[in-house]
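# Chains, contacts and geometry: an overview
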Amino acid sequence: MPSRDRQRELARKKLERHMARRAQHARRRRQMYAGIGAGLTLVAVIAVTVVLVVNRDDDTSQAAEGTTCVYLDAARDTDRISDVGKPSTTDVSDSGTVAVALNTNLGKLNLALDREAAPCSVNSFVHLARSGFYDDTTCHRLTVSSIYVLQCGDPFGDGKGGPSYQFGVENTPLNDHPPYPVGSVALARNGSDPNSNGSQFFIVYKDSPNLTADYSLLGGVTSGLDIITQQVAPDGVTAETQPGSGDGKPAKEVKITGLTMASG
């Protein structure tokens with residue numbers, strides 16, 4: 001059997017390959033949409049030639065670079081909202097990665113968030129992190145049966161809270177098996193509503209073949225996953241959502257003390 005360090009290295013490389021495939025798929029989608037957009041632009045130019053001739057002295061604006069995102073007002077009770085404003089919606093970067101240090105009371109997890117595959121989701125995460133939204137929040141959910149995730153990001157610590165906005169699912173790994181390899185970082189959502197993404201996210205710490213491909217994949221943990229596997233998961237849960245479910249509040253508290261970013 002490979003050593004624990006070797007197992008970690010194999011899992012990290014598997015996740016990197018997975019994220020590289022997702023980024024390639026995202027590039028192909030953008031290229032396809034760009035081609036469609038170019039065709040529509042040509043039709044539009046032909047259709048408005050007369051208008052342009054009449055208004056030739058008007059200023060023209062250049063198209064914004066990057067991605068345009070949509071963030072809607074949150075559909076939750078106002079007392080479950082922590083309002084730090086909405087992220088930028090235009091000229092959102094859709095290239096490269098953001099290195100994030102997730103500092104907790106138990107140690108540091110280093111994350112790599114993929115702008116190319118999930119630009120609007122990463123844009124939201126970075127906005128919340130820079131606003132101090134995640135500071136001094138606890139990870140409210142741990143699952144130790146069927147699926148294996150640690151869920152964080154609710155400022156109220158009960159799974160019902162979030163920011164003043166919500167947005168749609170992005171970068172779901174529908175054709176990848178497993179869809180979320182060990183170390184994956186993805187956004188949680190409210191039930192079956194695909195437009196209920198907010199601040200809550202989960203980290204996959206063990207193979208979870210029963211985890212369906214319904215969640216926005218942000219990126220992955222590059223180091224520090226053993227904080228969950230060796231310190232948090234072995235202690236199990238308390239206050240299970242249902243008896244014997246293995247789903248509940250972590251028995252060992254995990255508190256996010258702050259996030260720092262090396263880029264983005």
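Refer to the structure presented above.
Residues numbered from 1 in each chain as written. Predicted model: local features only at pLDDT ≥ 70, side-chain atom pairs only at ≥ 80, totals over all residues. Heavy atoms only, no water.

### Examining the packing of aromatic side chains
If you walk through the whole model with that rule in mind, you get 11 aromatic pairs. Aromatic pair F202 and Y215: ring centres 5.4 Å apart, planes at 90°, arrangement edge-to-face. One end of the pair, F202, is in strand β9 (residues 201-204); the other, Y215, is in the loop between β9 and β10 (217-223), and 13 residues separate them in sequence. An aromatic cluster is built from F125, F133, Y134 and F201, whose rings are joined through pairwise contacts. It is R80 that lies over the ring of F156; its NZ or CZ is 4.5 Å from the centre. If you follow K206 out to its NZ or CZ, it ends over the ring of Y148, 4.5 Å from the centre. (Phe/Tyr/Trp six-rings, centres within 6.5 Å; stacked < 30°, edge-to-face > 60°. Helix = DSSP H or I, 4+ residues; strand = E, 2+ residues; numbered from the N terminus. Lys NZ or Arg CZ within 6 Å of the ring centre and 35° of its normal.)

### Things to note about the pairing of strand β2 (residues 97-104)
Strand direction decides the pairing type here: β2 and strand β3 (residues 107-114), joined by 8 bridges, are antiparallel. Opposite V100, over in β3, you have L111 as the bridge partner. Between β2 and β3, which pair antiparallel one after the other, the connecting turn spans 2 residues. Bridge count for β2 against strand β13 (residues 255-261) is 5 bridges, and the pairing is antiparallel. Of the residues in β13, the one forming a bridge with T104 is I256. (Pairing = 2+ DSSP bridges.)

### Observations concerning the state of the cysteines
The tally for this structure, following the rule as stated, stands at 2 disulfides. Note that C69 is cross-linked by a disulfide to C120, the S-S spacing being 2.1 Å. Given an S-S torsion of about -90°, the disulfide between C69 and C120 has left-handed geometry. Placement of the pair is C69 in the loop between α2 (49-54) and β1 (72-73) and C120 in helix α3 (residues 119-130), with a sequence separation of 51 residues. Taking relative accessible area as the criterion, C69 reaches 3% and is therefore assigned buried. Residue pairing for C139: its cysteine sulfur links by disulfide to C152, the two sulfurs lying 2.0 Å apart. Judged by the sign of its S-S torsion, about 95°, the cystine formed by C139 and C152 is right-handed. One end of the pair, C139, is in the loop between β4 (137-138) and β5 (141-143); the other, C152, is in strand β6 (residues 149-152), with 13 residues separating them in the sequence. (Disulfide = S-S within 2.5 Å. Buried < 20%, exposed > 50% of the residue type's maximum accessible area, 1.4 Å probe, protein only.)

The values are spatial; any link to function lies outside them.
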